[in-house]
Amino acid sequence: MAIQNIELLEKLKQTLDLEVTYPPVLIAVSFFIFQSVDNSLPVLTMLIIAAAKMAIPFIVYVLIKEKKFGWILSLLVFIVIPSVIIYFIIRESIFSKYFLLIPFIIFFFYCLLLKNSVRDWLAEAQAREEREEMKSESAKLKLDE
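About the cut-offs
- Every chain is numbered independently, its residues counted from 1 as its sequence is written.
- With pLDDT at 70 or above as the cut-off, local features in this predicted model cover only qualifying residues; side-chain atom pairs require 80 or more to be listed or tallied, and sums for whole chains, interfaces and linings still use all residues.
- For the side-chain quantities, the full set of heavy atoms in the structure was used; hydrogens and water were omitted.
- Interaxial angles span 0 to 180 degrees and are taken between N-to-C directions of axes, which are lines fitted to C-alpha atoms, for helices over the stretch in contact.
- Only DSSP runs of H or I reaching four residues or more are called helices, and only runs of E reaching two or more are called strands; each is numbered from the N terminus.
- Under this scheme an angle from 65 to 115 degrees is roughly perpendicular, one under 35 degrees roughly parallel, and one over 145 degrees roughly antiparallel; angles in between are oblique.
- Only heavy atoms enter the contact rule, under which two residues are in contact if any of them lie within 4.5 Å.
- Burial classes: relative accessible area under 20% of the type maximum marks a residue as buried, over 50% as exposed, and values in between as partly exposed (1.4 Å probe, protein chains only).
- This arc describes the spread of directions from the helix axis toward the C-beta atoms.
- Stacked, edge-to-face and tilted are the three classes for Phe, Tyr and Trp ring pairs, Trp counted by its six-membered ring, which pair at centre distances within 6.5 Å; planes under 30 degrees apart are stacked, over 60 edge-to-face, the rest tilted.
- Only protein atoms enter the 1 Å grid used here, on which a cavity is any set of points holding a 1.4 Å probe that cannot leave and a pocket is any open set flanked by protein within 12 Å on both sides along at least five of seven lines; residues with an atom within 4 Å of a point are listed as lining.
- Grid points are joined across faces, edges and corners, and a volume is the space filled by probe spheres set on the points.
- Each residue receives one of three labels: charged for Asp, Glu, Lys and Arg, nonpolar for Ala, Val, Leu, Ile, Met, Phe, Trp, Tyr, Cys and Pro, and polar for the others, Gly being one of them.
- Whenever Lys or Arg places a side-chain nitrogen within 4 Å of a carboxyl oxygen from Asp or Glu, that contact is recorded as a salt bridge.

Brief notes about the packing of helix α3 (residues 56–65) against helix α4 (residues 69–89)
Next up, step 1: It is at 9 Å that the axes of α3 and α4 come closest, and there the two elements cross at 150°. The angle between α3 and α4 places the two elements in the roughly antiparallel class. On α4, the residues touching Ile 56, Val 60, Leu 63 and Ile 64 of α3 are Trp 71, Ile 72, Leu 75 and Ile 79.

Set out below in structure tokens:
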């Protein structure tokens, strides 16, 4: 399937680079070093998770534009639905802070996989573009002969 908008995919790749790099490190620092006394998630951790998940609408927008509906479905099944279930059902549990991290960890791996796929999509588009250029050049050379 041909890529619709290379510039949009480049922006998605940059966003995913940030999603894969910074939030996990910040979560680890805030979770292990700044853990609050009352055994709840530090506010900083919650803010980092919220900021990381703010990229979801942009990710969905790009995936819709590129008609990658399998990726959208997996985002819903593995990240959005578990996040809602965990937030509303398990939030009163003693271990709720750990369960709240599960969707974030899955989101991290989702972003990692999507980042690799986007890189492959861009490489495919570039190779297709180069092949078209080579075809046009060879056709031009044949006409000149």
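As for α3
Next up, step 1: Buried within α3 are the following residues: Ile 56, Ile 59, Val 62 and Leu 63. Here the buried residues of α3 occupy an arc of 130° about the axis, which is enough to place them on one side.
Next up, step 2: The positive-phi residue at the C-terminal boundary of α3 is Lys 67, with phi of around 60°.

Quick look at the packing of aromatic side chains
Next up, step 1: Evaluation of the coordinates by the stated rule reveals three aromatic pairs.
Next up, step 2: Taken together, a centroid distance of 6.4 Å and an interplanar angle of 85° make the contact between Trp 71 and Trp 121 edge-to-face. Of this pair, Trp 71 sits in helix α4 while Trp 121 sits in helix α5 (residues 96–144); the two residues are 50 residues apart in sequence, bridging distant segments of the chain.
Next up, step 3: Given the relative accessible area of 10%, Trp 121 is considered buried.
Next up, step 4: Ring geometry for Phe 108 against Phe 109: centres 5.3 Å apart, planes inclined by 65°, an arrangement best described as edge-to-face.
Next up, step 5: Taken together, the aromatic side chains of Trp 71, Tyr 110 and Trp 121 make up a single cluster linked through ring pairs.

Considerations on the environment of Thr 21
Next up, step 1: Locating Thr 21 in the fold gives a position in helix α1 (residues 6–32).
Next up, step 2: Sequence separation of Thr 21 and Leu 112 is 91 residues, and the distance between their C-alpha atoms is 9.5 Å.

Focus: the layout of surface pockets
Any space left empty among the atoms is revealed by the rolling of a water-sized probe across them.
Next up, step 1: Of the volumes computed, that of the largest pocket is approximately 240 Å³.
Next up, step 2: Lining the largest pocket are Met 46, Ile 49, Ala 50, Lys 53, Ser 83, Val 84, Ile 86, Tyr 87, Phe 88, Phe 99, Leu 100 and Pro 103.
Next up, step 3: Top element by residues in the lining of the largest pocket is α4. It accounts for five residues.
Next up, step 4: Taken together, the residues that form the lining of the largest pocket break down as 10 nonpolar, one polar and one charged.

A closer look at the pattern of salt bridges
Next up, step 1: Following the criterion strictly, the structure yields three salt bridges and no others.
Next up, step 2: In this structure, Asp 17 and Lys 13 form a salt bridge, with 3.7 Å as the shortest nitrogen-oxygen distance. A residue pair is termed a helical-turn pair when its members lie 3 or 4 positions apart in one helix, as Asp 17 and Lys 13 do in helix α1 at four residues.
Next up, step 3: For Lys 13, a relative accessible area of 25% translates into the label partly exposed.
Next up, step 4: The partner of Arg 128 in a salt bridge is Glu 124, with the nearest N and O atoms 3.8 Å apart. Of this pair, Arg 128 and Glu 124 are both found in helix α5, four residues apart, which corresponds to roughly one turn of the helix.
Next up, step 5: Within the structure, one salt-bridge network assembled from shared partners comprises Lys 13, Asp 17 and Lys 115.

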